[in-house]
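Structural overview
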Amino acid sequence: MWRARRAAVACEVCQSLVKHSSGIQRNLPLQKLHLVSRSIYRSHHPALKLQRPQLRTSFQQFSSLTNLSLHKLKLSPIKYGYQPRRNFWPARLAARLLKLRYIILGSAVGGGYTAKKTFDEWKDMIPDLSDYKWIVPDFIWEIDEYIDLDKIRKALPSSEDLAKLAPDLDKIADSLSLLKDFFTTGHKLVSEVIEASGPLLLLGSPGETTFRATDHGSESDKHYRKVSDKEKIDQLQEELLHTQLKYQRILERLEKENKELRKLVLQKDDKGIHHRKLKKSLIDMYSEVLDVLSDYDASYNTQDHLPRVVVVGDQSAGKTSVLEMIAQARIFPRGSGEMMTRSPVKVTLSEGPHHVALFKDSSREFDLTKEEDLAALRHEIELRMRKNVKEGCTVSPETISLNVKGPGLQRMVLVDLPGVINTVTSGMAPDTKETIFSISKAYMQNPNAIILCIQDGSVDAERSIVTDLVSQMDPHGRRTIFVLTKVDLAEKNVASPSRIQQIIEGKLFPMKALGYFAVVTGKGNSSESIEAIREYEEEFFQNSKLLKTSMLKAHQVTTRNLSLAVSDCFWKMVRESVEQQADSFKATRFNLETEWKNNYPRLRELDRNELFEKAKNEILDEVISLSQVTPKHWEEILQQSLWERVSTHVIENIYLPAAQTMNSGTFNTTVDIKLKQWTDKQLPNKAVEVAWETLQEEFSRFMTEPKGKEHDDIFDKLKEAVKEESIKRHKWNDFAEDSLRVIQHNALEDRSISDKQQWDAAIYFMEEALQARLKDTENAIENMIGPDWKKRWLYWKNRTQEQSVHNETKNELEKMLKCNEEHPAYLASDEITTVRKNLESRGVEVDPSLIKDTWHQVYRRHFLKTALNHCNLCRRGFYYYQRHFIDSELECNDVVLFWRIQRMLAITANTLRQQLTNTEVRRLEKNVKEVLEDFAEDGEKKIKLLTGKRVQLAEDLKKVREIQEKLDAFIEALHQEK
């Protein structure tokens, strides 16, 4: 019975195979498909029309049953469920169909369909590469000119022939499911094949039929399979890790080779081998924009929102070490537990043929491959930091700009900030903590700044201060990259490694970030080289449990991966924000230009430096004009100034004492002695002082006198400062006094008046001097005795009690002089007593000292009037002078004295004029140039001396234009690079 039942089932299978034979016609020509598409095109398409060919033909062509002698066998039509006669050929047919090769063939076809479907999905995911055709050589696109593809396509089988190769997979699956029970015990080979192909998924028609072998294993087999799967997973993970590390080492080797090759190429470009001009790199252009913005006063509501990588962290968290690993050089000063970063340091990383560093305001290059240059660079950074820090402070907000170039460096701009502290220690300013917080916030509040948050992995995360600060500035973590340093110490000291994973994933504290990285920055030895630290870091992560246990991913470790990620994030942020910043500066420029046109329509837009250059030229022109002063003008000014300085001494100390003598011999002796003493001690020094003051006055007059409509009062403060500083620096030649003393002594020794003209000039000079003294004396007497009767009546003024006493004393002394006009200059004691008693008799109490003071002024006036009368008499005395006043009662020795003084003044003025024009004016001009050069280098001095709304508006307008131009050039270069 069981044999009959098996035969019936086999017949049904054969009938189904005959019914669903695979003769197929397709509406879509297969020749029009791609070669790969033809091979994986699915055989059961919804639009296909099925045609059933003759069973004999189908079997003869595509079945292994062609070995049977079926040409003598005649098959009658068979319906499902009906068997006209018993026959064993269906059993043989089923056995052959269940052979291993048919299952493999079906699996291959099903796998091909799956591959086709997967290929279509991947194909949709691949971007359009039409823009990158330049990568493929041109002959690939012209290959059809050399190879006849149509001929090859015609030689391939047609779509109908390929369709016949694919059996009816649906029916094969149905047949196998029906016959599985019958052939399980009888056909061990089939069972093993089906069991082996249990996990195989065979997709056919839209139903996607699946073959799964029945699991008849025992519970121990299942347990063994689970254990083996776990071991396989562990093994695969380990192999994956080793593969990643292997490819990482290959990548590092290739990067190193690429670095050397780029270095050679850049060196060739520097030497001009390729004869092309190298353009400024993008990062250098961007860094220049940031440098200009750092000097720009953020007025007019325009803020600097251009991206930077801001490196923040707790003190001694490893910020500087991370930066040095990215820059590939130990460029920062280091200290054990001491605050070393005292001001922000902007580091611009760019690619170049040599590994060098240079400051923005200096042309010196530091070779970072030489230890002595590295030490000099660290020392220079430390000096600049200490220079920026003002007295009484610990940190400074002023930025130090440093450019680092080298082959293979990632292009970006980083700002290293002072480490955040929790407690102010001894030696620090009390506001150090608040100052650091304000500096950090100022950089981090920029919405486009990338925050590189550095956390020390060797200390407890709860002790970190910077994470709270970063969370306040970037609560959503859209621009924050978290870096855990000293992971080697953390893995060694932390009892629970999962805690490191929690820190890296941001689960230990509420701080979100774009990415999380773990790095090792050395063994704590400051003398370690960058290469040694990299090797140690790579070796550590290769053997670290953090990677083996999948707590960390391979792309989350090493400073190399960190620098790549930071650079990508930086340039992404730059591309997204730079055009918006350029538009904001365009609007600011328009507002400034409009304001300038409304306020200063007829003036050029000169900034502070341009105004300084204009003022500098004006000052130099005015100094040069000193040399164009005529000699006559110099001598007149010098002679007049010198006489004003020495006239008091000549009249009071030389002339009056000599004139009060009794005879001419005594007069001349007294004059010679006093002139000699005066010449040896005071006169040359006074003359030099007068000359220097005269030069200052002339210089000041040229500097300050208005120039009419061309005068610009904006330069007044600058000119005054230049004048004062130049005069302060100028020193008269020390040898001038010695030579001048000899000249003056010889001039005063000469008593010979050659002609009447000189005699009259001396008399005129003497009259002027005496009249000036007489006028001064009368003013002194008037102040002493008060207003006369005329002024009292006209101006309603009265005398004081003291003035009344002086007036009574004056009247009494004048009576005494009238009695004796040749009275000597001094009063005798009895004369003082007589005057006092006479005044007391009229009820006036006087002191002897008051009588002497009043007598001095009264006698002085009397003597000067007498001298003037004598001077008039001497107008006709030149004839007696030539005869040496022999047989003449007229003696004019005082006229000769004033002629000697006048001649000395003229010769001294002439000498000083020559020294001024030949030496001192040039030295003053040199001093002015030096002062202007010093002021030109002192920005603070220019800001202080050139002030006002006009200057500030022009300054802002120039800076905004410069920023906009640099931004436009950078954007254009950025688009060209794309």
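Here the structure is a predicted model, which means the values were calculated and not measured. (Residues numbered from 1 in each chain as written. Predicted model: local features only at pLDDT ≥ 70, side-chain atom pairs only at ≥ 80, totals over all residues. Heavy atoms only, no water.)

1. Here we look at the overall build of the chain
Counting secondary structure elements, the chain contains 36 helices and eleven strands. When each of the 978 residues of the chain is scored for burial, the buried share is 43%. Partitioning the contacts of the chain with sequence separation of at least 6, the portion at a separation of at least 24 is 79%. Surface summary for the chain: the accessible area is close to 56,300 Å², and the carbon and sulfur share equals 51%. (Helix = DSSP H or I, 4+ residues; strand = E, 2+ residues; numbered from the N terminus. Buried < 20%, exposed > 50% of the residue type's maximum accessible area, 1.4 Å probe, protein only. Contact = heavy atoms within 4.5 Å. Areas by Shrake-Rupley, 256 points an atom, 1.4 Å probe, with all protein chains shown as cover.)

2. Concerning a negative patch on the surface
Taken together, Glu398, Glu930, Glu933, Glu937, Asp938 and Glu940 make up a surface patch of like negative charges. Ranked by residue count, the leading element in the negative patch is helix α34 (residues 893-937), at three residues. One can find Asp938 in the loop between α34 and α35 (939-945). (Patch = residues over 30% accessible without salt bridge, like charges linked within 9 Å, V, L, I, M, F, W, Y side chains within 5 Å. Salt bridge = Lys/Arg side-chain N within 4 Å of Asp/Glu carboxyl O. Lys, Arg positive; Asp, Glu negative; His and termini not counted. Charge placed at Lys NZ, Arg CZ, Asp CG, Glu CD.)

3. A word on the nonpolar core
Counting residues in each nonpolar core, the largest one holds 101 residues, and the members touching the most others are Tyr655, Trp678, Trp759, Ile901 and Val928. Looking at this core, the element that brings in the most residues is α34, giving 17 residues. When residues no more than four places from it in sequence are discounted, the contact partners of Val928 are Ile619, Leu620, Val623, Phe699, Val722 and Ser726. Formed by 67 residues, the second largest nonpolar core is a distinct cluster that contains Leu349, Leu374, Val404 and Leu974. (Core = buried A, V, L, I, M, F, W, Y, C linked by side-chain atoms within 4.5 Å.)

4. Points about the state of the cysteines
Scanning all chains against the criterion turns up one disulfide. Linked covalently through their sulfurs, Cys874 and Cys892 form a disulfide whose S-S length is 2.1 Å. Across the S-S bond linking Cys874 and Cys892, the dihedral sits near -100°, which makes this disulfide left-handed. Residue Cys874 is found in the loop between α32 (848-873) and α33 (878-882), and its partner Cys892 is found in the loop between α33 and α34; the two are separated by 18 residues along the sequence. You can call Cys874 buried: its relative accessible area is 0%. (Disulfide = S-S within 2.5 Å.)

5. Focus: the side chain of Thr480
With respect to the helices, strands and loops of the structure, Thr480 is situated in strand β10 (residues 480-485). Take Thr480: its relative accessible area is 0%, and that puts it in the buried class. Polar contacts involving the side chain of Thr480 include one to the side chain of Asp474, which spans 2.6 Å. Beyond its immediate chain neighbours, meaning those up to four positions away, Thr480 contacts Ile451, Cys453, Val470, Asp474, Lys512, Ala513, Leu514 and Gly515. (Polar contact = N/O pair within 3.5 Å; in protein donor to acceptor, adjacent residues only side chain to side chain.)

6. Observations concerning the sheet that holds strand β11 (residues 515-518)
Strand order in the open sheet formed by nine strands is β6-β5-β7-β4-β8-β3-β9-β10-β11, with mixed pairing between adjacent strands. At either margin of the open sheet sits one strand with a lone partner, and together these are β6 (366-367) and β11. Here strand β5 (residues 356-359) runs beside β6; their pairing, made up of two bridges, is antiparallel. Pairing of Val356 across the sheet is with Asp367, part of β6. (Pairing = 2+ DSSP bridges.)

7. Here's the deal with the packing of aromatic side chains
Taken as a whole and assessed by the stated rule, the structure comprises 17 aromatic pairs. Relative to Phe898, the ring of Tyr655 has its centre 5.3 Å away and its plane inclined at 65°; by these criteria the two rings are edge-to-face. Here Phe898 lies in helix α34 and Tyr655 lies in helix α23 (residues 631-659), a separation of 243 residues in the sequence. According to the relative accessible area criterion, Tyr655 is buried, its value standing at 1%. By relative accessible area, Phe898 is classed as buried at 1%. Plain terms: the ring middles of Tyr859 and Phe863 are 6.3 Å apart, the flat faces sit at 25° to each other, and that makes the pair stacked. (Phe/Tyr/Trp six-rings, centres within 6.5 Å; stacked < 30°, edge-to-face > 60°.)

8. Quick look at helix α13 (residues 319-327)
For an α-helix, the turn length of 3.6 residues means that residues three or four places apart are oriented alike. Buried residues dominate α13, accounting for nine of its nine residues. Considered for burial, the residues of α13 that qualify are Lys319, Thr320, Ser321, Val322, Leu323, Glu324, Met325, Ile326 and Ala327. Directly after α13, the chain includes Gln328, whose backbone phi takes a positive value near 65°.

9. Describing the pattern of salt bridges
By the definition in use, this model includes 40 salt bridges. With a closest N to O distance of 3.3 Å, Arg386 and Glu382 form a salt bridge. In this pair, Arg386 and Glu382 both sit in helix α14 (residues 371-388), four residues apart, roughly one turn of the helix. Relative accessible area serves as the criterion here: at 27%, Glu382 is assigned to the partly exposed category. Each of Arg589, Glu593, Glu605 and Arg961 takes part in one network of salt bridges that share partners.

10. Re the confidence of the model for the chain
In low-pLDDT regions, the fine details of the predicted coordinates are not to be read closely. Looking at the chain, pLDDT values average 75 and 68% of them are 70 or higher. The model gives residues 131-136 a pLDDT under 50, and that stretch makes two contacts with residues more than four places away or in other chains. A low-confidence stretch, residues 271-278 (pLDDT under 50), is modelled with six contacts involving residues beyond four sequence positions or located in other chains. (pLDDT = per-residue confidence, 0-100.)

11. Digging into unusual backbone geometry
Residue Lys486 is not a glycine yet carries a positive backbone phi of 55°. Checked against the element boundaries, Lys486 lands in the loop between β10 and α17 (487-493). The phi dihedral of Thr558 falls on the positive side, at around 75°, and the residue is not glycine.

12. Brief notes about the environment of Gln915
Residue position: Gln915 is located in helix α34. When its relative accessible area of 15% is taken as the criterion, Gln915 is described as buried. When the C-alpha positions of Gln915 and Trp732 are compared, they lie 9.9 Å apart, and in sequence the two are 183 residues distant. Gln915 has contacts with Trp732, Asn733, Ala736 and Glu920, leaving out every residue within four places of it along the chain.

13. Observations concerning the packing of helix α22 (residues 608-626) against helix α25 (residues 683-704)
Relative orientation of the contacting elements α22 and α25 amounts to 135°, with a least axis distance of 9 Å. Looking at the two axes, α22 sits oblique to α25. The handedness of the crossing between α22 and α25 comes out as right-handed. Every residue of α25 that contacts α22 at Ile619, Glu622, Val623, Ser625 and Leu626 is listed here: Leu695, Glu698, Phe699, Phe702 and Met703. (Axes fitted to C-alpha atoms, helices over the stretch in contact; angles between N-to-C directions. Parallel < 35°, antiparallel > 145°, perpendicular 65-115°, else oblique. Left-handed = near helix turned anticlockwise from the far one by under 90°.)

14. Considerations on α14
Helix length check: α14, at 18 residues, gives a terminal C-alpha distance of 26 Å against a target of 26 Å (1.5 Å per residue), a fit within 8%. Within the sequence span of α14, burial applies to Asp373, Leu374, Leu377, Arg378, Ile381, Arg384, Met385 and Asn388. Projection of α14 onto a plane perpendicular to its axis shows the buried side chains occupying an angular sector of 140°, all on one side. Exposed and oriented more than 90 degrees from the buried face of α14 are Glu371, Glu372 and Lys387. Where the residues of α14 are buried, they touch β4 (345-350), β5, β6 and β7 (400-405). (Expected span 1.5 Å × (residues − 1). Arc of directions from axis to C-beta.)

15. Side note on the environment of Gln757
Inspection of the secondary structure puts Gln757 in helix α28 (residues 756-785). Along the primary structure Gln757 and Phe878 are separated by 121 residues, whereas in three dimensions their C-alpha atoms are 9.8 Å apart.

16. A few points about the packing of helix α31 (residues 829-841) against α32
Direction vectors running N to C along α31 and α32 enclose 105°, while the axes themselves pass 10 Å from each other. As the angle between them shows, α31 and α32 are arranged roughly perpendicular. Only Pro848, Ile851 and Lys852 of α32 make contact with α31, whose side of the interface consists of Ile832, Val835 and Arg836. Within the contact of α31 with α32, the residues separate by chemical class into four nonpolar, no polar and two charged. (Nonpolar A, V, L, I, M, F, W, Y, C, P; charged D, E, K, R; others polar.)

17. Considerations on the environment of Ser281
In this structure, Ser281 sits in the loop between α11 (219-270) and α12 (282-295). Accessibility expressed as a relative area gives 23% for Ser281, which makes it partly exposed. A sequence separation of 693 residues divides Ser281 from Leu974, and the C-alpha atoms of the two residues are 10.0 Å apart.

18. Description of the side chain of Glu767
Relative to the assigned elements, Glu767 resides in helix α28. At 2.3 Å, the side chain of Glu767 forms a polar contact with the side chain of Arg875.

19. Topic: the pairing of β7
The buried count for β7 comes to five of six residues, which makes it a mostly enclosed element. Bridging between β4 and β7 involves six bridges; their strand directions are parallel. If you follow Lys346 over to β7, its bridge partner there is Ser401. Looking at chain direction, β5 and β7 are connected through four bridges and run antiparallel. From the neighbouring strand, Leu358 faces β7, where its bridge partner is Asn403.

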